[in-house]
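# Commentary on secondary and tertiary structure
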Amino acid sequence: MNAPSTPSAPATPSTPAKKRSSGAKSPRRLAREVALQGLYEWLISGADAGVIDAHMREQEGFNKADHAHFDALLHGCIAEAADLDQVLSASVDRATNELSPVEHAVLLIGAYELKHCLDIPYRVAINEGVELAKSFGGTDGHKYVNGVLDKTAAALRPAEVQKARAARGG
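Residues numbered from 1 in each chain as written. Predicted model: local features only at pLDDT ≥ 70, side-chain atom pairs only at ≥ 80, totals over all residues. Heavy atoms only, no water.

## What to know about the nonpolar core
- Ranked by size, the top nonpolar core spans 43 residues in total, and within it L39, F70, C77, L107, I109 and Y122 carry the most contacts.
- Contributing elements (two or more residues each) for this core: α1 (27-45), α2 (49-57), α3 (67-79), α4 (81-89), α5 (101-116), α6 (122-136), α7 (141-156) and α8 (158-169).
- Among the elements that take part in this core, α5 stands out by supplying nine residues, more than any other.
- L107 has contacts with L88, V92, L99, Y144, V145, V148 and L149, leaving out every residue within four places of it along the chain. (Core = buried A, V, L, I, M, F, W, Y, C linked by side-chain atoms within 4.5 Å. Buried < 20%, exposed > 50% of the residue type's maximum accessible area, 1.4 Å probe, protein only. Helix = DSSP H or I, 4+ residues; strand = E, 2+ residues; numbered from the N terminus. Contact = heavy atoms within 4.5 Å.)

## Re α6
- If you check α6, its first and last C-alpha atoms are 21 Å apart, about what 15 residues at 1.5 Å a residue would give, namely 21 Å.
- For α6, every residue scored as buried is listed here: Y122, A125, I126, E128, G129, V130, L132 and A133.
- Contacts from the buried residues of α6 go to α1, α5, α7 and α8. (Expected span 1.5 Å × (residues − 1).)

## Section: the environment of D150
- Among the secondary structure elements, D150 is positioned in helix α7.
- Considering only alpha carbons, one finds D150 and S91, 59 residues apart in sequence, at a separation of 8.8 Å.
- Those residues in contact with D150 that sit more than four places away from it in its chain are I126 and R165.

## As for the environment of H69
- Looking at where H69 falls in the secondary structure, it is placed in helix α3.
- In this structure, the C-alpha to C-alpha distance between H69 and R32, residues 37 residues apart in sequence, is 7.8 Å.
- Other than its neighbours up to four places away in sequence, H69 contacts R28, A31, R32, E113, C117 and I120.
- Side-chain polar atoms of H69 contact the side chain of E113, separated by 2.6 Å. (Polar contact = N/O pair within 3.5 Å; in protein donor to acceptor, adjacent residues only side chain to side chain.)

## Side note on the packing of α3 against α5
- Two elements in contact, α3 and α5, have axes whose closest approach is 10 Å; the angle formed by their N-to-C orientations is 110 degrees. Classified by the interaxial angle, the pair formed by α3 and α5 is roughly perpendicular. Facing H69, A72, L73, G76 and C77 of α3, the residues of α5 in contact are L108, I109, Y112 and E113.
- A breakdown of the residues in the contact of α3 with α5 according to their chemical character gives six nonpolar, two polar and one charged. (Axes fitted to C-alpha atoms, helices over the stretch in contact; angles between N-to-C directions. Parallel < 35°, antiparallel > 145°, perpendicular 65-115°, else oblique. Nonpolar A, V, L, I, M, F, W, Y, C, P; charged D, E, K, R; others polar.)

Remember that the coordinates give geometry; whether it matters functionally is a separate question.
Given below as structure tokens:
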């Protein structure tokens, strides 16, 4: 059922694969969304990563996600949660276990990408975290995520951040 006149209508599955419409999501964004859902489940239930992985792979639309990026995010964030929380602790205003599970999961993904996915520019990692928070989080959670990931990027990728800030400053 297509509803092109409704601005909030989801992209239709019939969109040709060769040309994404402006509402279509990239395979990497889909991977982040599914990983976010898996991390949320892990934070809430403490279930085994393998069980969560299998559950996420059953979700509708998973076949369109970047499977390698999903694997890296879900399993990397779970395996390194304590280290990532330690990195985030310098930029958050409370213990990460006191954050909403959605914001915590988004921040884990952002910190993981900033630390390990050096092919992703830091601004893209921050923006993707903000978009996840807008889609899945609370009303102003995206502002918090933006501030935390901006500080985290400066800590994890100081040269890249300083270069970008110098270029903007003149």
